[in-house]
Amino acid sequence: MGRKRKSRKLPKRGAGWRSVKARSNPLFECYYRRQLAPVLSTFPEVACDIDGSPMATEDLPAEEAEAEAAAVAAAAGGAGGDGGAATDGAGEPERKKGEPRVPSSVAEARAGPGLPERDERAFQAMLAAMRTPLACSWRIFRHSPVASKLLADLVDFREAPVKVVSAAPRKDGTLLFSPEDDEKLSALRPAPLPWYPDGLAFQIPCARDDMRKHPSLKPLHQFLVKYVGSGDIWRQETVSMVPALLLDVQSHHRVLDMCAAPGSKTSQLVELLHARDAELGMPQGVVVANDSNTQRCYMLVHMMKRIGTPCLLATTHEAQRFPSLTRSEDGEHTPGVGWFDRVLADVPCSGDGTIRKTPNMWTDWRPGHGIFLHPLQVSIALRGATQLKIGGRMVYSTCSLNPMENEAVVAQLLLRCGGSMRVVDCSAELPGLKRSPGLTTWSVMDTKGNWLDEDEMRAADELPKAMNLSMFPPKDDAILAQLSKAWRMVPSAQNTGGFFVCVLEKTAPIERDGTFLGAEKLIGAKKAKREADAAAAAGAAPAKRARLEGGTEAAEGGTAGGAGGDGGGAGAGSGAAGGAADDDDDEDNLAPDIAIAVDDATLLEAQGEGPASKKAHANDDIAEYDYEPLEEAKWQDIKKHYQLSDDFPSDGLFMRRSAVKCISWMCPAVTQLFRSKMAWRLRVVHSGMRAFMRDKAKKPEGETDAWCDFRLVQDSLHLVKPYFPPERIVTMPLDDFARLLDAVAVMRPFRHFTPATREALEARPKGSLATQLDAEGVAAVRARADGRGSEETAERDAALGLSPVLACSQMLMAAWRGNRAVSAYLTREDADVFRERLPPAALEAGKHRFREEGEADSSDDDAGEAEAAPAATD
């Protein structure tokens, strides 16, 4: 057995990025020169330097300019003469011993007539941009309590005077940055993206490593690290922000993110769902974030906890097998109509559009990457379409430039849905974003790097490995016309990564007939005829296969499973995939990933009956569904203790059988789902927000006052607050609020507070309680948030659509009352967020008062309580 070939690794910086040889791949360049060059010529002929600044190709360093010129000459050299490639007797280019074989496609490109001059220049501009590091980009979370402050701080970064600061050299004496790079990096400033709504997204044209290492950019890097950790800023690649914006999410929408991890797009969807909270209150919709990998799903949940929303449901399913939620509110089953208003299908892809941040792809890229993913992408897109309501919108996107992963998938989706889906024209959306239309023609390359001819493939006995006829451009003119409405974004257009996005709308129920589920076996016509003849000779029915040619069904039936028999290749598998799904059980058992190149074995696998079905259930540590409504007796105890009003939505409170210490608050959409039979189909990782937690403290002996086993949780205190009576919340002035904040996991005696606060604390029962900052303190916090005065801050928040509730978070704090002392019931992270929002003078005043009065004279009871102070570790 031969040794496994190891991929060549490139350094993150220095020689890896500055070496021309390391940033070239003849097959990659040949492939995309043919696919994209005609489209690229519509963009300005501009490349990007190492810091992202505009740079003409002729301004490259001398050695790189020579290499670029050689590459152009090699690609555009004429046939014959000195420019042609020397070939051996077999017709392949001569190569020295040990050199890799040059694919025929590359040899043909080198010997061919080349591209028009403008197209070639545009293509070289794209390659030049790809050979530079990706620009850093981020966005401010619209509902962050410090959104106004962050905008003001970024303005200060932009207006700061330019001061050239040289980076320290490496230990070996070499320069970390050249003097020219030092000057360029020192002059860089973050700029808002012109097309992002309200200017809340920013980009700085330098690599992430540069921002971390260069002295002039370190303050900005530290600023980002601080607020990314708190959830107020989200790092996200520029073009990756586009799909969520095109979904047009409203507060009442049910949104499915099919491949959600790590969660940056999911956070955008949640942000859009809450866009009208100030006007409408809690959204009636929900974002269902799904990922096939359990660990990545847990990571997503951890990141989303920084936002704090009850409108999130995290599940773990393979996207192409996501459970069918097709029942309406009254429980009636509607075939072909889903439960969701919006679906985001950001599918797994080869990722060659991210080549600027993953330079290893220059050497690792192969055409087979997109070929092997094509069937999976079609399956996920089809499954997403079935989940939509009539009139619902789906966005299909990839970070790949490969048409086999983009336009070919969309074409198959349109073809198989039989007119039930259409591409939406979004040309008027996001003005300022440079994009090109989708391709209507492209070429197909096999895994060995050879160009394929569709007519020859259809007439051949066998197709090359892993190839499908669905990868070729469609024959239907109506479908081709719709493909041009998709968007392509390339690195040379706006200093971004490569990306593809297409918006589709569901116009009618999807019939699960032979066209939709047709197993396009994609074998040659001759072999298909031989199999049919053999099956007929054996007395068995021929296998039912659908070959879609020119948008029509060319074979009867359409099921992937055969009828059983001894010959002709027809297996004994299930044939339940064909025909319309009029029955609930039949519809539920159908899997959309049998739509391409499916035989009997893969049909059984898709239905969970074959040997590979264990892959679909790899997340066995996740219970199918273990939520149950909160018991009425427990709810009555909580309601009585906290004096909650009768209109509290208690039907949205659930507990997990596996985690009985937590009571979660679900939004109305999840409440409806969990109280229906559809919930049992889901493998739920997380849902809603923690509303109450079972307290570790036990009721003191002899205690006659009201006592509750469940305490308040900081995460959802702002949701519970409207149902409290006014006298149940302790309102504090700014100084007292700061003193309480300084008492995290430490009990502070009542005497440390002002008389009014002390009286309010003594009037409350022991245990968990809610505190809030008074109106004067909130005004000081808002002034602190902007540094220019509360009136200007309020005007800016109103212009951005920020509600006062979300802008200041009402400054609510969970606390714990003891006998004669009180403690803030916060995690260290939550306490740090509060300290960031309070004026420094107030924080210092609180500490100063403690130092003046001291705690050495604390009574024995206070000292005992200080030792027993609760710690909010949840």
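Q: It is not clear to me how the side chain of Asp-346 should be interpreted in this structure. Could you clarify?
A: Topologically, Asp-346 is positioned in strand β10 (residues 340-346). Of the polar contacts made by the side chain of Asp-346, one reaches the side chain of Lys-265; its length is 3.2 Å. Within the structure, the side chain of Asp-346 is placed 2.6 Å from the side chain of Ser-397, a separation counted as a polar contact. Sequence-distant contacts of Asp-346, that is, excluding residues within four places in its chain, are made with Cys-259, Lys-265, Ser-397, Thr-398 and Phe-499.

Q: Explain the pairing of β10 to me, please; I cannot follow it from the model alone.
A: On a regular strand, each side chain points to the face opposite its neighbour's, so the side chains alternate between the two faces of the sheet. Across the seven residues that make up β10, a large majority, seven, are buried. Here strand β7 (residues 254-257) pairs with β10 via three bridges, running parallel. In the strand pairing of β10, Asp-257 is matched with Leu-344. In the sheet, β10 pairs with strand β11 (residues 388-398) via six bridges, with the strands oriented parallel. Note on β11: the bridge partner recorded for Arg-342 is Arg-393.

Q: Whenever I open this one, the nonpolar core confuses me. Can you help?
A: General note: in soluble globular proteins, nonpolar side chains tend to be found buried as a group. Among the nonpolar cores identified, the biggest contains 153 residues, and Leu-504 and Phe-674 are the most heavily contacted of them. With nine residues, helix α2 (residues 26-40) is the single largest residue contributor to this core. Dropping the residues within four chain positions of it, Leu-504 is found in contact with Gly-392, Arg-393, Met-394, Tyr-396, Val-410, Leu-413, Leu-414, Met-421, Arg-422, Val-423 and Val-424. By size, the runner-up hydrophobic cluster in this structure holds 30 residues, among which are Phe-648, Ile-663, Leu-712 and Val-720.

Q: Help me out: how do you make sense of the confidence of the model for the protein chain in this one?
A: Here the protein chain averages 74 in pLDDT, while 67% of its residues score no lower than 70. This stretch, residues 44-66, has a pLDDT under 50; its non-local contacts, to residues over four places away or in other chains, come to 45 contacts. Here residues 799-809 scores under 50 on pLDDT; set against residues more than four positions off or in separate chains, the count is 25 contacts.

Q: Sorry if this is basic, but what is going on with helix α11 (residues 264-273) here?
A: Spacing of three or four residues puts side chains on the same side of an α-helix, whose turn is 3.6 residues. The buried fraction of α11 amounts to nine of the ten residues, a majority that puts the element mostly inside the structure. Among all positions of α11, only Ser-264, Lys-265, Thr-266, Ser-267, Gln-268, Leu-269, Val-270, Glu-271 and Leu-273 are buried.

Q: Teacher, can you tell me more about the packing of helix α15 (residues 368-386) against helix α16 (residues 407-416) here?
A: Two quantities define a packed helix pair, namely the angle between the helix axes and the distance between the axes. With their axes 9 Å apart at the nearest point, α15 and α16 run at an angle of 45 degrees to one another. Put simply, α15 runs oblique to α16. Seen along the crossing, α15 lies across α16 with a hand that is right-handed. Contacts between α15 and α16 involve His-374, Gln-377, Val-378, Ala-381, Leu-382 and Ala-385 from the former and Ala-408, Val-409, Gln-412, Leu-413 and Arg-416 from the latter. In the contact of α15 with α16, the residues fall into seven nonpolar, three polar and one charged.

Q: Mind showing me how you'd approach the packing of aromatic side chains here?
A: Summed over the entire model, instances satisfying the criterion amount to 24 aromatic pairs. Look at Trp-816 and Tyr-825: their rings are 6.1 Å apart centre to centre, the planes differ by 65 degrees, and that puts the pair in the edge-to-face class. By relative accessible area, which is 11% here, Trp-816 ends up buried. Here Tyr-825 falls in the buried class, since its relative accessible area comes to 10%.

Q: What's the story with the sheet that holds strand β28 (residues 767-773) in this structure? I'm lost.
A: The five strands are arranged β26-β28-β29-β30-β27 in an open sheet whose pairing can be described as mixed. Every interior strand has two partners, whereas the edge strands, β26 (729-732) and β27 (748-749), have only one. Relative to strand β30 (residues 821-824), β27 runs antiparallel, the two being bridged by two bridges. By the bridge assignment, Arg-748 is partnered in β30 with Val-822.

Procedures and definitions
- Residues numbered from 1 in each chain as written.
- Predicted model: local features only at pLDDT ≥ 70, side-chain atom pairs only at ≥ 80, totals over all residues.
- Heavy atoms only, no water.
- Helix = DSSP H or I, 4+ residues; strand = E, 2+ residues; numbered from the N terminus.
- Polar contact = N/O pair within 3.5 Å; in protein donor to acceptor, adjacent residues only side chain to side chain.
- Contact = heavy atoms within 4.5 Å.
- Buried < 20%, exposed > 50% of the residue type's maximum accessible area, 1.4 Å probe, protein only.
- Pairing = 2+ DSSP bridges.
- Core = buried A, V, L, I, M, F, W, Y, C linked by side-chain atoms within 4.5 Å.
- pLDDT = per-residue confidence, 0-100.
- Axes fitted to C-alpha atoms, helices over the stretch in contact; angles between N-to-C directions.
- Parallel < 35°, antiparallel > 145°, perpendicular 65-115°, else oblique.
- Left-handed = near helix turned anticlockwise from the far one by under 90°.
- Nonpolar A, V, L, I, M, F, W, Y, C, P; charged D, E, K, R; others polar.
- Phe/Tyr/Trp six-rings, centres within 6.5 Å; stacked < 30°, edge-to-face > 60°.

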